[in-house]
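Examination of the molecular architecture
Single-letter residue listing:
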Amino acid sequence: MSTLVFYNYKGGVGKTTMSVLAADHLSRSGKRTLLIDFDPQRNATQFLEASYGEIKTRQSVEEALKKNSLDKSIVKLDNKLDVIPGSWKLSLWPSSLEKVPQMSRHTILKQAISRVKSNYDYVIVDVPPTTSEFTHNAVFAADYVVIPVPAQRSGYNALKDSINYLTGLKKDFGLTFKVSGFVLYLVAKSNRTNQAIAKELRDNFGKSVFSNEIYNRDRVTRWSDKGITHKKTDTHDKKTHEMYSLVFHEMLYRMGDED
């Protein structure tokens, strides 16, 4: 079992979309997958609700973490895909940890995941675009981190902040997660600025940058509003899924999970 986190210090880079579509891709590939929405804004949950309807859980994720058991928070969406939905009450969770020792505070999610990990091939944790107790817990639990990077100057700068954050955690706490690489996101083939920054990123980071890129697709916006569809006769569905699938296949290859 591997725990995977898509992370960038900057918001609006496609982090949640990648989390949801990775969960969809992996589960449809026959992998037992759990998506944990660890963001009080619950954007991943809302994305999935567009496909599966309202997602109700017997126990909120913050209550489950207090009891160190995620079982009652897990909702089965289909045969291979489970989700732990987000909750606005998560915003209150960090304040409840003030008296907890630092190391114990950062490993709460990891300990909870360890109790259910044998049930899954992959656990994906979606987090806010901040450095907070949510991201600390997700990174401490992670085996792999993938950084989506928009081909914009602000995105390039946020990548540097993200690397510094992750490197700092590794150094300070001896964490063993691996950064699988950086995925160029929202690249427009006709935009010279996008292409110039993409080239600069590849020149500076080499093979750390995924070969496959994510381009802006209106179909993703539709999926987040109306639900994910897999219509083989729909060209837009087919091309968008193919684009993401190439990224996820490369991700698994970098993780050593695919030839």
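Above this text sits the structure in question.
Reference entry: report on the structure contained in this document. Values in this document were obtained by computation on a predicted structure and should not be read as measured data. (Residues numbered from 1 in each chain as written. Predicted model: local features only at pLDDT ≥ 70, side-chain atom pairs only at ≥ 80, totals over all residues. Heavy atoms only, no water.)

Observations regarding the packing of aromatic side chains
Each aromatic ring pair is specified by the distance between its two centres and by the angle formed by the two planes. Here the structure, examined in full by the defined rule, presents seven aromatic pairs. Geometrically, the ring pair formed by Trp93 and Phe134 is tilted, given 5.8 Å between the ring centres and 35° between the ring planes. Taken together, the residues span a long stretch of sequence, with Trp93 in the loop between β4 (81-84) and α4 (102-106) and Phe134 in helix α6 (residues 133-141) at a distance of 41 residues. Side by side, Trp93 and Phe134 carry an identical accessibility label, which is buried. Between Phe182 and Phe205 the ring centres are 5.3 Å apart and the planes differ by 90°, which places this aromatic pair in the edge-to-face class. Within this pair, whereas Phe182 is found in strand β7 (residues 178-185), its partner Phe205 is found in helix α8 (residues 192-205), the two being separated by 23 residues in sequence. Overall, Phe182 belongs to the buried group, its relative accessible area being 5%. Judged by relative accessible area, Phe205 falls into the partly exposed class, the value being 25%. Geometry around Phe177 places Lys170 over its ring, the cationic atom sitting 5.0 Å from the centre. (Phe/Tyr/Trp six-rings, centres within 6.5 Å; stacked < 30°, edge-to-face > 60°. Helix = DSSP H or I, 4+ residues; strand = E, 2+ residues; numbered from the N terminus. Buried < 20%, exposed > 50% of the residue type's maximum accessible area, 1.4 Å probe, protein only. Lys NZ or Arg CZ within 6 Å of the ring centre and 35° of its normal.)

Notes on the side chain of Ser2
Its place among the elements puts Ser2 in strand β1 (residues 2-6). Assessed through its relative accessible area of 12%, Ser2 is described here as buried.

A short note on the nonpolar core
Core analysis: the biggest nonpolar cluster contains 45 residues, and Ile36, Phe38, Leu65, Leu70 and Val125 have the highest contact counts within it. Apart from the residues within four sequence positions on either side, Leu70 is in contact with Ile36, Ala64, Leu65, Ile84, Ala112, Ile113 and Val116. Counting residues in each nonpolar core, the second largest holds 36 residues, with Phe210, Phe248, Leu252 and Met255 among its members. (Core = buried A, V, L, I, M, F, W, Y, C linked by side-chain atoms within 4.5 Å. Contact = heavy atoms within 4.5 Å.)

A word on the packing of helix α1 (residues 15-28) against helix α2 (residues 43-52)
As a packed pair, α1 and α2 sit with axes 9 Å apart at the nearest point and diverge in direction by 50°. Taken together, the axis directions place α1 and α2 in an arrangement best described as oblique. Here α1 and α2 pass one another in a crossing that is right-handed. Contacts between α1 and α2 involve Thr16, Thr17 and Val20 from the first element and Asn43, Ala44, Phe47 and Leu48 from the second. (Axes fitted to C-alpha atoms, helices over the stretch in contact; angles between N-to-C directions. Parallel < 35°, antiparallel > 145°, perpendicular 65-115°, else oblique. Left-handed = near helix turned anticlockwise from the far one by under 90°.)

Topic: unusual backbone geometry
Non-glycine residue Arg42 carries a positive phi angle of around 50°. If you trace the backbone, Arg42 turns up in the loop between β2 (33-37) and α2. Residue classification places Arg42 among the partly exposed positions, given a relative accessible area of 22%.

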